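Here is what each chain is made of, one letter per residue.
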Amino acid sequence: MRQKASLESIDPYDPTDGSSTDAISEMETSMAPDLAPAVARCVERACDRLRGLQHPDGSFEGEVVWCPMILAQYVILCRVVGRPIVAAARERILLHFRVTRRPDGGWGLHPESGSYVYVTTLTYVALRMLGLSADAPLAASARNWLQAQPGGVLSIPSWGKFWLALIGLYGFRGVNPCPPELFLLPEWSPVHPNHLYCHTRYIYLAMCHLYGARFCSDLGPLGAELKEELYPVPYGTIDFARHRGDIAQTDLYVAPSRTLRFAWGAMAFYEQLQERWAPLRRLRAHALAHSLRRIRFEQQATRFQGLSPVSGILNTLALWAHDASDPMVEHSLAGVESWQWNDAQQGLRIAGARSTSWDTAFAMLAVLAAPSAKPQRALLREAYAFLARAQEASELPDGRREGRDGILGGWCFSDGRHRWPVSDCAAEVLSALLGAHATGVIDAPERMAPERLAAAARFIIDRQNDDGGFGTYERRRGRRWLERLNPSEMFGNCMTELSYVECTASAVMALCRLREQHPDCLRELVGPSIVRACALLRQRQRADGSYPGFWGINFTYATCFAVLALRAAGASAEDRPLRRAAAWLVSKQKPDGGWGEHYSGCLTDTYVEHAESQATMTSWALLALIEILGPEAEAVKRGVGWLCRSQKSDGSWPEGAVNGVFFGAAMLTYRLYPAYFPIWALNRYLAMR
């Protein structure tokens, strides 16, 4: 265990970094035995700022930052379907590409990654479609980086090959096959796409349709220019089939297995037969009609947003490719644009997700953790009303026929418009609503009816897997060996739903709150569900006391949630797994009192310390340690002191490093995490004193 620095040994805070002189004086106060007055003032400033972030409808939402890949796909979509991008939007898009470019001239898979061939190639194409010349500095530096990579654009991963083929810049024989006939397999088949994780399933639904139709847009003169710019040899001389298996090392996360390569070979042979044999061509036509029907259902079910912006873009392309005059196309284009985010600093882009209900629930929980929530009654009442409106109030017509699980009672990550609710979103919302009930800030007539709370609990429990853990959108459907057929190359653990520590913990906390306030509500389901979930949490703890994360970075995130869940379920602070978790967290505390975990640990499944303490991760660590060690523990006081010292004069904390992740390699920045998690930790500290 590393040696800890005392509060007295920490250097004075530099007033030139935007912190107020009040923060400096409070830092000195925080070194005294009683931190409470400084912490209370810190929380007051932070809550004032949080109140200013609340939207008129009562919600909170910060941008979920991913990468410019989706924006590039949006630009390609607009070019293909003939939707002009107005001059003002064009300039805002170019601004975003400028500010997200990596120092080497390329673009990465997330805000802190190195450049990727996939992202850089699509961005380069988008820049040229936006009217930049090949010699414009933004485009030229990207092309220079691409040309310097071994294999160049020919080694772009499978998804990139597919996108380039759609616009005539890569031969379809060089694209790994994804025939739409896969969706005609019998439901009992273990490789039917309905057994896949929903994001993977719906991305490949549209990809299979477009691939099966061999859709290819003609870019005209620009296409000829791009062929010369992207490849070092004449385009007509390239044997794309020889490069089908090429993958840039900059982009590779999960190498295709031998089983997958065999499957690709078999499907490539099928594609050759399909081109020559009439019965198979008729089967292809049937498969295309079937996949198009499912795409149309998904667009209508999601009110034309799609499950994600990537799915929405692909679905829109598929609809336009089939019938450019289809009224659904215009609705779908509007749905894609509903994912947009725009500000003066970073321009116009497509957000990785919309996090309205997620952020609103956490903002409420942070405020509710205070010794008294009454000073923030207005914030809580408005947020409560928003979340009450956002609950899914009915099932999808024909949802079961289309492979959808029930949605009644759930909450989406977003505002609920696209009707894809998630277990941990529903759980955190339920916890926030019940927390508001417990504090009395919501009057009885305004509270959600017990049957709606029961519907929420039933929705959550319906996502519990056989091992006791919880999936996200659905229960696990496919076998784990399906991961050996992962065709994405850039992402991992994306083929099936898993049992996630964080989702399981969120479910436990919500169900425990429900059982406490409504002991008779689904009694026969709630108790056993909690027991099974806690058993999985105990099993998932590693020998060093930590827990592996999946949706946040990484061990700090999952350990926080696991600790909070076990405590909510009644585990003593002396519980051995909890003491081991505390010891692990204390061992990772940095000399300045904070915590910081680097995203690269997600790639290697190991803890990697960040060079700097992070407000969000420090808050996660404190929330767990306060539950186990109490507020007077030295590690807790040092962490609280760091949070107070690092607060800015406007009540905010530095955004810091990326704090979220999905599929192992794709890092995210949740913009509002530094706005409410520190409030939560500091409020909990005050409440536990």
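First things first, this report covers the structure right here in the doc. Keep in mind it's a predicted model, so treat the numbers as computed, not measured.

1. What about the overall build of the chain?
Part 1 of the reasoning: On a plain count of helices and strands, the chain comes out with 25 helices and five strands.
Part 2 of the reasoning: In terms of overall size, the chain behaves like a compact globule, its C-alpha atoms giving a radius of gyration of 26 Å where 689 residues would be expected to give roughly 26 Å.
Part 3 of the reasoning: In terms of overall dimensions, the chain has a C-alpha envelope of 80 × 60 × 45 Å along the principal axes.
Part 4 of the reasoning: Within the span of the chain, comprising 689 residues, buried residues form 64% of the whole.
Part 5 of the reasoning: Put simply, of all contacts in the chain between residues at least 6 apart along the chain, 73% involve residues at least 24 apart.
Part 6 of the reasoning: Element-wise, carbon and sulfur atoms account for 54% of the exposed surface of the chain, whose accessible area totals about 25100 Å².
Part 7 of the reasoning: Side-chain charges in the chain split into 73 positive and 71 negative, and the spacing between the mean points of these groups amounts to 5 Å.

2. Brief notes about the packing of aromatic side chains
Part 1 of the reasoning: If you walk through the whole model with that rule in mind, you get 39 aromatic pairs.
Part 2 of the reasoning: Ring geometry for Tyr-231 against Tyr-235: centres 5.7 Å apart, planes inclined by 55°, an arrangement best described as tilted. Per residue, the accessibility class of Tyr-231 equals that of Tyr-235, and both read buried.
Part 3 of the reasoning: Taken together, the ring pairs connect Trp-358, Phe-362, Phe-413, Tyr-557, Phe-561, Trp-620, Tyr-670, Tyr-673, Tyr-676, Phe-677 and Trp-680 into an aromatic cluster.

3. Section: helix H2 (residues 36-53)
Part 1 of the reasoning: Given a rise of 1.5 Å per residue, 18 residues ought to cover 26 Å, and the 25 Å separating the end C-alpha atoms of H2 matches this to within 8%.
Part 2 of the reasoning: Taken as a whole, H2 has its buried residues at Ala-36, Ala-38, Val-39, Cys-42, Val-43, Arg-45, Ala-46, Cys-47 and Leu-50.

4. Quick look at the nonpolar core
Part 1 of the reasoning: Membership of the largest hydrophobic core comes to 231 residues, with the highest contact counts inside it found for Trp-66, Phe-97, Trp-163 and Tyr-231.
Part 2 of the reasoning: If you tally residues by element for this core, the top one is helix H3 (residues 69-81), at 11 residues.
Part 3 of the reasoning: Ignoring sequence-local partners within four residues, the contact set of Tyr-231 consists of Val-153, Leu-154, Leu-164, Leu-169, Tyr-170, Ile-238 and Phe-240.
Part 4 of the reasoning: In terms of nonpolar packing, the next biggest core, distinct from the first, is built from seven residues, Leu-196, Leu-260, Leu-482 and Leu-485 among them.

5. Comments concerning the pattern of salt bridges
Where charged atoms from two side chains of opposite charge approach closely, those side chains can pair.
Part 1 of the reasoning: This model, assessed by the stated rule, comprises 40 salt bridges.
Part 2 of the reasoning: Arg-143 is paired through a salt bridge with Asp-135; the nearest N and O atoms lie 4.0 Å apart.
Part 3 of the reasoning: Accessibility expressed as a relative area gives 66% for Asp-135, which makes it exposed.
Part 4 of the reasoning: Here Arg-477 makes a salt bridge to Asp-405, at a shortest N to O gap of 3.1 Å. Here Arg-477 is found in the loop between helix H17 (450-461) and helix H18 (501-517), whereas its partner Asp-405 is found in the loop between helix H15 (377-390) and helix H16 (423-439), with 72 residues between them in sequence.
Part 5 of the reasoning: Of the residues examined, Asp-405 reaches a relative accessible area of 21% and is grouped as partly exposed.
Part 6 of the reasoning: Each member of the salt-bridge network shares a partner with another, and the members are Arg-173, Glu-181, Arg-214, Glu-271, Glu-275 and Arg-284.

6. Examining the sheet that holds strand S5 (residues 666-670)
Part 1 of the reasoning: One open sheet holds the three strands; their spatial order is S1-S5-S4, and the pairing between them is antiparallel. Looking along the sheet, the strands with just one partner apiece sit at the ends: strand S1 (64-65) and strand S4 (660-662).
Part 2 of the reasoning: Sheet analysis places S4 next to S5, joined by three bridges and oriented antiparallel. Along S5, the bridge assignment pairs Val-661 with Met-667.

7. With respect to the side chain of Arg-128
Part 1 of the reasoning: Considering the arrangement of structural elements, one finds Arg-128 in helix H5 (residues 117-129).
Part 2 of the reasoning: If we skip the residues at most four places from it in the chain, Arg-128 touches Ser-133, Ala-134, Leu-222, Glu-225, Leu-226 and Glu-229.

The rules we used
- Residues numbered from 1 in each chain as written.
- Predicted model: local features only at pLDDT ≥ 70, side-chain atom pairs only at ≥ 80, totals over all residues.
- Heavy atoms only, no water.
- Helix = DSSP H or I, 4+ residues; strand = E, 2+ residues; numbered from the N terminus.
- Rg over C-alpha atoms; globule rule 2.2 N^0.38 Å.
- Buried < 20%, exposed > 50% of the residue type's maximum accessible area, 1.4 Å probe, protein only.
- Contact = heavy atoms within 4.5 Å.
- Areas by Shrake-Rupley, 256 points an atom, 1.4 Å probe, with all protein chains shown as cover.
- Lys, Arg positive; Asp, Glu negative; His and termini not counted.
- Charge placed at Lys NZ, Arg CZ, Asp CG, Glu CD.
- Phe/Tyr/Trp six-rings, centres within 6.5 Å; stacked < 30°, edge-to-face > 60°.
- Expected span 1.5 Å × (residues − 1).
- Core = buried A, V, L, I, M, F, W, Y, C linked by side-chain atoms within 4.5 Å.
- Salt bridge = Lys/Arg side-chain N within 4 Å of Asp/Glu carboxyl O.
- Pairing = 2+ DSSP bridges.

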